[in-house]
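So you can see what is in the structure, the chains are spelled out below.
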Amino acid sequence: MKEKLKKLLSLALKEIEAGSSLSTLKEIEVKFIGRKGKLTEILKGIKDLSEKEKPIIGQLANQYKNQIETAIADKTVEINKAEIEKALASESIDITIPGQKPELGHIHPLYQVQKEVEEIFNQMGFTVVDGPEIESEYYNFEGLNIPEDHPARDCQDTFFIKGKEDKKHKRLVLRTHTSPLQVRSMEKYGAPLRIIVPGRVFRYEATDASHDATFHQVEGMLIDKNISLAHLKGVMKEFLSRLFGKEVNVRFRPGYFPFVEPGVELDFSCLICLGAGCRVCKHTGWVEFMGAGMTHPNVLKAGGIDSKKYQGWAFGFGLTRLIMMRYAINDIRLLAGGDLRFTKQF
Ligand code: DAH
């Protein structure tokens, strides 16, 4: 019996030593010390041995079983270690190879400048407001004193949207300017009022280097008591001087917009030639910048404001134009073109 046990042990140890994978080790374990393993069978048969043999064989069998278990555990550690070393060798990292820089996005030049504009007007007490790009004909035209048959409608070629029509608000349009927020804001906030409205606007237009069907404007409106165009001149001079980081002069010329009376056009002194005359200012020393004027009583009325108690002015300029001027961009289509060679320059 002892001999048989000894042989079993040396056979098991030999197989364990030769085992090269965790799965073979598992098989060996089952074969010798598993529930129906060879050594287990012997242990089970001990009860039938003579009283003299029982303790001797029992002790020996248990000792061998422990030896086999230890050998399997040791071999498992050895195989694991070898596998880890193999994996490490094949996955090693060469820390001297230069890394790949992750590509970081950045804010589009249009919104960079929009943010600057907002900050300057914020500091002068203007609130930034927002409104729908799909607008009603009423807010886009009628509310601004531009009735259906008014020739001024022809200046803004409009995208109309098919769908429901409502008696007061008429058809839906893609807003042609940010001015609809004048009546919307008066209705919502009343007087006094100080707002700017940066936003996207749309015109049904053939595109070329200076026209796009989508562009950005900034609307402004101030309503209070005893307000005149002098306040507008002061605000715009301050705004442009802060934006360009040097003193800028502004001038008014007469202009016509149905929603203001009187209406003006505002120019600023050319920053390139400082008034001497150059190509940018078409040799006039002045750059055309925006439309503005004293808000028409009909518009105040549409906004629910008593024109006997309050006056105000409004202005609208092209943010897109401003950016083109600032960075000397010669084609408007580059701004929304999505070409990274362009946007990466800002
Ligand atoms: N909405 C005008 C346009 O798109 C610009 C404008 C002119 C806005 C005069 C105003 C204004 O608020 O008073 O051409």
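It should be noted that the structure appears before, not after, this text.
Bear in mind that the values here come from a model prediction, so they are computed numbers and not experimental data. (Residues numbered from 1 in each chain as written. Predicted model: local features only at pLDDT ≥ 70, side-chain atom pairs only at ≥ 80, totals over all residues. Heavy atoms only, no water.)

S.K.: Just give me the short version of the overall build of the protein chain, but keep the residues and values in it.
M.R.: A tally of regular secondary structure across the protein chain gives 11 helices and 10 strands. What you see for the protein chain is a C-alpha radius of gyration of 43 Å, clearly larger than the 20 Å of a compact globule of 346 residues, by over 25%. When the backbone C-alpha atoms are referred to their principal axes, the protein chain occupies close to 125 × 50 × 40 Å. Counting over 346 residues, the protein chain shows a buried share of 42%. Here the analysis covers contacts within the protein chain between residues at least 6 apart in sequence; of these, 65% occur between residues at least 24 apart. Summed over its atoms, the accessible surface of the protein chain is roughly 20400 Å², and 54% of this surface lies on carbon and sulfur atoms. Here the protein chain carries 50 positive and 46 negative side-chain charges, and the mean point of each set is 5 Å from the other. (Helix = DSSP H or I, 4+ residues; strand = E, 2+ residues; numbered from the N terminus. Rg over C-alpha atoms; globule rule 2.2 N^0.38 Å. Buried < 20%, exposed > 50% of the residue type's maximum accessible area, 1.4 Å probe, protein only. Contact = heavy atoms within 4.5 Å. Areas by Shrake-Rupley, 256 points an atom, 1.4 Å probe, with all protein chains shown as cover. Lys, Arg positive; Asp, Glu negative; His and termini not counted. Charge placed at Lys NZ, Arg CZ, Asp CG, Glu CD.)

S.K.: Lay out the state of the cysteines in plain terms, naming residues and giving numbers.
M.R.: Throughout the structure, instances matching the rule amount to 0 disulfides. Cys 273 forms no disulfide, and the closest cysteine sulfur to it belongs to Cys 281, at a distance of 3.7 Å. (Disulfide = S-S within 2.5 Å.)

S.K.: Provide a residue-level description of the site of the ligand, including the pertinent values.
M.R.: Lining the immediate surroundings of the ligand are 16 residues, of which His 177, Ser 179, Gln 182, Gln 217 and Glu 219 lie closest. Contacts to the ligand include His 177, whose side-chain N or O atom sits 2.9 Å from a nitrogen atom. Between the ligand and the protein, one listed contact pairs a nitrogen atom with a side-chain N or O atom of Ser 179 at 2.9 Å. For the ligand, the accessible surface in isolation is 360 Å², of which the surrounding protein chains cover 90%. For the shell around the ligand, the elements supplying multiple residues, two or more each, are β6 (214-224), β9 (286-295) and β10 (311-318). Here the residues of the shell around the ligand sort into 6 nonpolar, 8 polar and 2 charged. (Near = heavy atom within 4 Å. Polar contact = N/O pair within 3.5 Å; in protein donor to acceptor, adjacent residues only side chain to side chain. Nonpolar A, V, L, I, M, F, W, Y, C, P; charged D, E, K, R; others polar.)

S.K.: Tell me about the side chain of Gln 217, and name the residues and values.
M.R.: Mapped onto the fold, Gln 217 is located in strand β6. Once residues lying within four places of it in the same chain are set aside, the contact partners of Gln 217 are His 177, Thr 178, Val 197, Pro 198, Gly 199, Val 201, Arg 203, Phe 317, Gly 318 and Leu 319.

S.K.: How would you summarise the sheet that holds strand β2 (residues 134-136) if you had to cite specific residues and measurements?
M.R.: Sheet strands pair by backbone hydrogen bonding; their relative direction is either parallel or antiparallel. One open sheet holds the 3 strands; their spatial order is β2-β4-β3, and the pairing between them is antiparallel. One side of each edge strand has no neighbouring strand; the edge strands of this open sheet are β2 and β3 (160-166). Along the sheet, successive strands turn relative to each other by an average axial angle of 30 degrees, direction set aside. With 3 bridges connecting them, β3 and strand β4 (residues 170-174) associate as antiparallel partners. Following the sheet pairing, Asp 166 is matched in β4 by Lys 170. (Pairing = 2+ DSSP bridges. Axes fitted to C-alpha atoms, helices over the stretch in contact; angles between N-to-C directions.)

S.K.: Describe the pairing of strand β8 (residues 260-269), naming the residues involved and giving the relevant values.
M.R.: In terms of residue burial, β8 counts as a mostly covered element, since 7 of its 10 residues are buried. With 8 bridges joining them, β8 and β9 adopt antiparallel strand pairing. Each bridged residue has a counterpart across the sheet, and for Val 264 the counterpart in β9 is Ala 292.

S.K.: Residues and numbers for the packing of helix α5 (residues 109-123) against helix α10 (residues 319-327), please.
M.R.: Each packed pair of helices is defined by two parameters, the angle between the axes and the distance between the axes. Close contact between α5 and α10 brings their axes to 10 Å; oriented N to C, the two are set at 105 degrees. Classified by the angle between their axes, α5 and α10 sit roughly perpendicular to one another. Along its contact with α5, which presents Pro 109, Leu 110, Gln 112, Val 113, Gln 114, Glu 116 and Val 117, the element α10 presents Leu 319, Thr 320, Leu 322, Ile 323, Arg 326 and Tyr 327. (Parallel < 35°, antiparallel > 145°, perpendicular 65-115°, else oblique.)

S.K.: How would you explain the sheet that holds β8 if you had to name every residue and give the values?
M.R.: The 7 strands are arranged β1-β5-β6-β10-β9-β8-β7 in an open sheet whose pairing can be described as mixed. Each edge of the sheet is formed by a strand with only one pairing partner; in this case those strands are β1 (127-128) and β7 (250-255). Across 6 bridges, β7 lies against β8 in antiparallel orientation. Residue Pro 254 lies in a different strand from β8, and its bridge partner there is Val 264. Helix-sheet contacts for α10 involve β6, β8, β9 and β10, and the interaxial angle to β10 is about 55 degrees.

S.K.: Explain helix α1 (residues 2-18) to me, using residue names and the numbers behind them.
M.R.: Over its 17 residues, α1 runs 24 Å from end to end, which matches the ideal 24 Å to within 8%, given 1.5 Å per residue. Of all the residues in α1, the buried ones are Leu 5, Leu 8, Leu 9, Ala 12 and Ile 16. In an axial view of α1, the angular spread of the buried residues amounts to 100 degrees, which keeps them on one side of the axis. Away from its buried face, by an angle of more than 90 degrees, α1 presents the exposed residues Glu 3, Lys 7, Lys 14, Glu 17 and Ala 18. Tucked into the core, α1 has its buried residues touching α2 (22-33), α3 (38-45) and α4 (53-90). (Expected span 1.5 Å × (residues − 1). Arc of directions from axis to C-beta.)

S.K.: Hey, could you go over the pairing of strand β5 (residues 193-202) for me, with residue numbers and the actual values?
M.R.: The element β5 is extensively covered by neighbouring structure, given that 8 of its 10 residues are classed as buried. Strand direction decides the pairing type here: β5 and β6, joined by 10 bridges, are antiparallel. Its bridge partner being in β6, Ile 195 is matched across the sheet by Met 221.

S.K.: So what's going on with the packing of α5 against helix α8 (residues 229-244)? Which residues, and what values?
M.R.: In contact at an axis separation of 10 Å, α5 and α8 are set at 135 degrees when each is read in the N-to-C sense. As far as their axial angle goes, α8 and α5 are oblique. Crossing of α5 over α8 shows right-handed handedness. Counting all contacts with α5, which are made through Glu 116, Val 117, Ile 120, Phe 121 and Gln 123, the residues of α8 involved are Val 235, Met 236, Phe 239, Arg 242 and Leu 243. In the contact of α5 with α8, the residues fall into 7 nonpolar, 1 polar and 2 charged. (Left-handed = near helix turned anticlockwise from the far one by under 90°.)

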